[in-house]
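# Understanding the architecture of this molecule
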Amino acid sequence: MKAADENATLYQKEYSAEFASNFDEIVGWRDREEHERARLVSLLRSYGARRILDAACGTGFHLSLLSQADFDLVGTDGSEAMVAKAKMNLSERGMSVPLHVCDWQELTQCNLGLFDAVLCLGDSFAHLLNVEQQLVALQQFFELLIPGGVLVLDHRNYDRIVAMGSYVEQPTGYCCCGDTPPRELTVEADGLVTCRYRGGKGTEFVFRTFPVSKIGLANSLKKVGFGDVQILNGSPGGASPHSSEIDFVLEVATKAVSSTR
């Protein structure tokens, strides 16, 4: 198998059963839910979204959060270990949500139907390690949306990380609230970023991500057919999304009502 092909599914190895068993602690469900629930629910309702696909459902955090707001939910993830943990988590909370193991580049083959909104959160999109893979996934998201539907996608402020070469990220109330600092992000010689997380017992997990830029992603969204693209501050606080100080960026893109694609 070619290295490029291996990179396309590298996340499946990184998101192992061991990581899935530590992921909830790293996420810090309670603290993250406190900061994310109102904003995400408000955003989705502002677009009239009812049926929602969480295309990077992980262990079920956002599905659990949104189930409390009476949305019609479906979850997918490319990692079998994460979906298995999500099933366990949601079952323990008395929640029934359809869950599927499905890679983003093959979503339209999974017979999921159409959605008012597609979510791809938690810096998950950065696990696609080149622009070509990203464009394929964005096209899949586009095809699964009804006309007028919305894609909500976040990523780290990689523009800052690339400019600095490395960055130590502290929990801020968004994304990973429970891991043990520091969270180290380093730009490597090949242009990819190495991310190191630590669980509560000191176990280290290492991931490779693509440094998604704000403008680069916005251009890719428009290239596959999305219309209006908003770049927002994903982290708590009122700083401009173009500020170098924010940790996370939220990009919200709509599929034109007149779109026939």
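Whatever comes next refers back to the structure up there.
I will try to describe carefully the structure that is included in this document. None of the values given here were measured: they were computed from a predicted structure.

Right, let's talk about the pairing of strand 9 (residues 204-209) for a bit. Taking every second residue as pointing to the same face, the buried face of strand 9 carries Phe-205, Phe-207 and Thr-209, while none of Glu-204, Val-206 and Arg-208 on the other face is buried. Pairing geometry for strand 8 (residues 193-198) and strand 9, over six bridges, is antiparallel. Counted as the bridge partner of Val-193 is Thr-209 from strand 9.

The geometry of helix 7 (residues 131-144) relative to helix 9 (residues 214-223) is characterised by a closest axis approach of 9 Å and an angle of 50 degrees between their N-to-C directions. Between helix 7 and helix 9, the crossing angle belongs to the class labelled oblique. As helix 7 packs across helix 9, the resulting crossing turns out to be right-handed. Note on element contacts: helix 9 touches helix 7 through Leu-217, Ser-220, Leu-221 and Lys-223, opposite Val-131, Leu-135 and Leu-138. Considering only residue class, the contact of helix 7 with helix 9 consists of five nonpolar, one polar and one charged.

This part takes up the state of the cysteines. For the coordinates displayed, the defined rule picks out one disulfide. Here Cys-102 is linked by a disulfide to Cys-110, with a sulfur-sulfur distance of 1.9 Å. Looking along the S-S bond of the Cys-102-Cys-110 disulfide, the torsion reads about 80 degrees, which is the right-handed sense. Taking the relative accessible area as the measure of exposure, Cys-110 reaches 24% and is therefore partly exposed. Free of any disulfide, Cys-120 has its nearest neighbouring cysteine sulfur in Cys-57, separated by 11 Å. Relative accessible area serves as the criterion here: at 0%, Cys-120 is assigned to the buried category.

What counts and what doesn't
- All residue numbers refer to positions counted from 1 along the written sequence of the respective chain.
- Owing to the predicted nature of the model, reporting of local features is limited to residues with pLDDT of at least 70; listing and counting of side-chain atom pairs is limited to 80 or more, with chain, interface and lining totals taken over all residues.
- Values reported for side chains reflect all heavy atoms of the structure, with hydrogen atoms and water molecules removed beforehand.
- Relative accessibility under 20% of the residue-type maximum defines a buried residue, over 50% an exposed one, and the middle range a partly exposed one, all with a 1.4 Å probe and only protein chains included.
- In this description a helix means any DSSP run of H or I spanning at least four residues, a strand means any run of E spanning at least two, and both kinds are numbered starting from the N terminus.
- In short, DSSP must find at least two bridges between two strands for them to pair.
- Note on method: axes are straight lines fitted to C-alpha atoms, helices fitted across the in-contact stretch only, with angles between N-to-C directions ranging 0 to 180 degrees.
- Each angle is binned into one of four classes, with values under 35 degrees roughly parallel, values over 145 roughly antiparallel, values of 65 to 115 roughly perpendicular, and all other values oblique.
- Two helices crossing with the near one rotated counterclockwise from the far one by less than a right angle form a left-handed crossing, whereas a clockwise rotation gives a right-handed crossing.
- Every residue pair with non-hydrogen atoms within 4.5 Å of one another is taken to be in contact.
- Think of it as three bins: nonpolar holds Ala, Val, Leu, Ile, Met, Phe, Trp, Tyr, Cys and Pro, charged holds Asp, Glu, Lys and Arg, and polar takes everything else, Gly as well.
- Any two cysteine sulfur atoms within 2.5 Å of one another count as a disulfide.

Structural measurements only, silent on function.
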